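This is what each chain is made of:
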Amino acid sequence: MKAIKFPLLYLGMLGLFLVFASCAKTESREVQVSNGPADPNATTETKALFANLKKLAKDHVLYGHQDDLAYGVKWINEPGRSDVKEVAGSYPAVYGWEVGDIGNEGATENLDHVNFNNMREWIKQGYQRGGLITMSWHMDNPVTDGDAWDTTRAAPQILPGGKLHKKFTDKLDRFAAFIKTLKTDDGTPIPIIFRPFHEHTGSWFWWGAGNITPENYKKLYSFTLDYLRNKKGIHNLLIAYSPSGPGNHGGKEAFWNFYPGNDYVDIIGFDSYFHFSDSVTQDEIRQNVSTLGQHLGWVVRQAEQRGKIPAFTETGLNTIPIENFWTDILLKAIKSNPDAKRIAYVLTWRNANENRMKGHYFAPYPGQKSAENFKKFTDDPLILLENELPDMYKPNN
Ligand code: BMA
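In short, a report on the structure. (Residues numbered from 1 in each chain as written. Predicted model: local features only at pLDDT ≥ 70, side-chain atom pairs only at ≥ 80, totals over all residues. Heavy atoms only, no water.)

### Section: the packing of aromatic side chains
Working step 1: Following the criterion strictly, the structure yields 34 aromatic pairs and no others.
Working step 2: Arranged with centres 5.8 Å apart and planes meeting at 0 degrees, the rings of Trp97 and Trp122 form a pair that is stacked. Linking Trp97 in strand S2 (residues 94–98) with Trp122 in helix H4 (residues 116–128), this pair joins segments that are 25 residues apart in sequence.
Working step 3: Trp97 gets classed as buried once you look at its relative accessible area, which sits at 0%.
Working step 4: Its guanidinium or amino end placed over the ring of Tyr91, Arg129 lies 3.7 Å from that ring's centre, counting from NZ or CZ.
Working step 5: Above the face of the Trp256 ring, Arg306 is positioned so that its terminal group lies 4.1 Å from the ring centre. (Phe/Tyr/Trp six-rings, centres within 6.5 Å; stacked < 30°, edge-to-face > 60°. Helix = DSSP H or I, 4+ residues; strand = E, 2+ residues; numbered from the N terminus. Buried < 20%, exposed > 50% of the residue type's maximum accessible area, 1.4 Å probe, protein only. Lys NZ or Arg CZ within 6 Å of the ring centre and 35° of its normal.)

Right, here's the structure in full:
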């Protein structure tokens, strides 16, 4: 009995060891940790931004605002102005810009009437003050020339081999030409957090679920970045992957089905708005605080496991009708989960000028209902504005 029992025990232990060893192997094959930007040829400042943001994310959340320097609810194109600064005393730590229409021949302004020459100057000013720049692109549908919301299927025609491939690369050429002009006076390219083909697990854009297969989405993403890196020699981009959150639009499964791979991504985040539809009440928004905290915690763990930077890439509550929204909803959600606090930044959407688009703003302006509470939110030690940033572009800072 004994003679039989021991070899069996040894065999069993060996078996267990082999199972664990192969699991560990699978795990390390699936989840590769990266220590630098996905682009191995990233510029010195871009590499520094990646390292510094990753480090800062452990203790702070940078506050960002879309189109902050271009216009506010009550003003358009007035040098030095910013709704965020006028309420909180500093410019935001992150500036969001949108290059929609940049791909169209002869375009001088984006789809929201922001002139590209002005945008370049504002990007330069923000960078020189130490702020971060992120950029989205609501690219027109290359098949129909309709806008980004024209969901006519486009990928098969614009990918390599498709009959509109050249039309697509012409758009990338125009985008690349603009990116190349984003540099300081001494010629240093300004690092840009580029957020291509965003919100794709929803189906409202031509690059979104239902209008593109996950395979073609991944091809579109990787082709675009390879083209910009290798054909155009652009090495000042960090790439932000921003589908909908893990609780919306196909959830975690869609989140990863469309993932283009660690070689094409530096920042992993999601876009999620508080007013998912008009029927969402203030009570429902309050009830969702801890769910949002869990979702942010999830994305933090996913990004960290891969050596990437987690972020809340786009959010907001339109017209901010809840007075204590900033501390009692947004900050509370971020603090409600032990991992969620490690998101690197949160970007709220634009403050459309009231004469152009009424009732479309996501940051307060002086006198707005949530203004005082926003000041409290930005005074919290966790939240950073531009005037509290260390030098994000200095290596080994
Ligand atoms: C949307 C809205 C639109 C705008 C677009 C691109 O969310 O704000 O009014 O044109 O973003 O900035």
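### Concerning helix H10 (residues 289–305)
Working step 1: The terminal C-alpha atoms of H10 lie 25 Å apart, and with 17 residues this matches the ideal 24 Å at 1.5 Å per residue to within 8%.
Working step 2: Every buried residue of H10 is listed here: Val289, Leu292, Gly293, Leu296, Gly297, Trp298, Val299, Val300, Gln302 and Ala303.
Working step 3: Check the buried side of H10 and you find it contacts helix H8 (251–257), strand S6 (267–271), helix H9 (282–287), strand S7 (309–315) and helix H11 (325–335).
Working step 4: In the stretch just after H10, Gly307 is the one whose phi turns positive, near 75 degrees. (Expected span 1.5 Å × (residues − 1). Contact = heavy atoms within 4.5 Å.)

### Concerning the pairing of S7
Working step 1: Counting buried residues along S7, 7 of its 7 residues qualify, which places the element largely inside the surrounding structure.
Working step 2: As paired elements, S6 and S7 share 4 bridges and run parallel to each other. Along S7, the bridge assignment pairs Gly269 with Ala311.
Working step 3: Of the strand pairs in this sheet, S7 and strand S8 (residues 345–348) are connected by 2 bridges, and their pairing is parallel. Its bridge partner lying in S8, Phe312 is registered against Val346.
Working step 4: In this region the chain leaves S7, passes through H11 and returns to the parallel neighbour S8; the handedness of that crossover is right-handed. (Pairing = 2+ DSSP bridges. Right-handed = clockwise from strand over helix to strand, strands pointing away.)

### A short note on the pattern of salt bridges
Working step 1: Enumeration over the complete set of coordinates arrives at 18 salt bridges.
Working step 2: Residue Glu354 is joined to Lys74 by a salt bridge in which the shortest nitrogen-to-oxygen separation is 3.3 Å. Here the residue Glu354 occupies a position in the loop between S8 and helix H12 (371–379), and Lys74 occupies one in the loop between strand S1 (61–66) and helix H3 (83–88), the gap between them amounting to 280 residues.
Working step 3: Between Arg129 and Glu386 there is a salt bridge, and its shortest N-O distance comes to 3.0 Å. You can see Arg129 sitting in the loop between H4 and strand S3 (132–136) and its partner Glu386 sitting in the segment after strand S9 (383–384), a full 257 residues away along the chain.
Working step 4: Under the relative-accessibility criterion, Arg129 is labelled partly exposed at 33%.
Working step 5: Shared partners join several salt bridges into a network, and the residues in it are Arg301, Glu304, Asp339 and Arg342. (Salt bridge = Lys/Arg side-chain N within 4 Å of Asp/Glu carboxyl O.)

### Quick notes on the side chain of His165
Working step 1: Note on placement: His165 falls in helix H6 (residues 165–180).
Working step 2: Classification of His165 by relative accessible area gives buried; the value is 18%.
Working step 3: Apart from residues no more than four positions distant in its own chain, His165 is found in contact with Gln157, Ile158, Leu159, Pro160 and Phe223.

### Topic: helix H7 (residues 214–231)
Working step 1: Taking 1.5 Å per residue as the helical rise, H7 with its 18 residues ought to reach 26 Å, and the 25 Å between its terminal C-alpha atoms agrees with that figure.
Working step 2: Along H7, the residues classified as buried are Asn216, Tyr217, Leu220, Tyr221, Ser222, Phe223, Thr224, Leu225, Tyr227, Leu228 and Arg229.
Working step 3: Close packing links the buried residues of H7 with helix H5 (155–158), H6, strand S4 (192–195) and strand S5 (237–241).
Working step 4: Gly233 lies just past H7 and shows a positive phi near 65 degrees.

### Description of the environment of Pro395
Working step 1: Its location among the elements puts Pro395 in the segment after S9.
Working step 2: Its relative accessible area of 39% is what places Pro395 among the partly exposed residues.
Working step 3: Placed 257 residues apart in sequence, Pro395 and His138 show a C-alpha to C-alpha distance of 32 Å.

### Describing the side chain of Asp380
Working step 1: As for its placement among the helices and strands, Asp380 is situated in the loop between H12 and S9.
Working step 2: Taking relative accessible area as the criterion, Asp380 reaches 15% and is therefore assigned buried.
Working step 3: Separated by 2.8 Å, the side chains of Asp380 and Lys335 make a polar contact. (Polar contact = N/O pair within 3.5 Å; in protein donor to acceptor, adjacent residues only side chain to side chain.)

### As for the site of the ligand
Working step 1: What surrounds the ligand is the set Glu98, Leu111, Asp112, His138, Trp149, Trp349, Arg350, Met357 and His360.
Working step 2: Residue Asp112 places a side-chain N or O atom 2.5 Å away from an oxygen atom belonging to the ligand.
Working step 3: Between an oxygen atom of the ligand and a side-chain N or O atom of His360, the distance comes to 2.7 Å.
Working step 4: Coverage of the ligand by the protein amounts to 80% of the 310 Å² it exposes when considered alone. (Near = heavy atom within 4 Å. Areas by Shrake-Rupley, 256 points an atom, 1.4 Å probe, with all protein chains shown as cover.)

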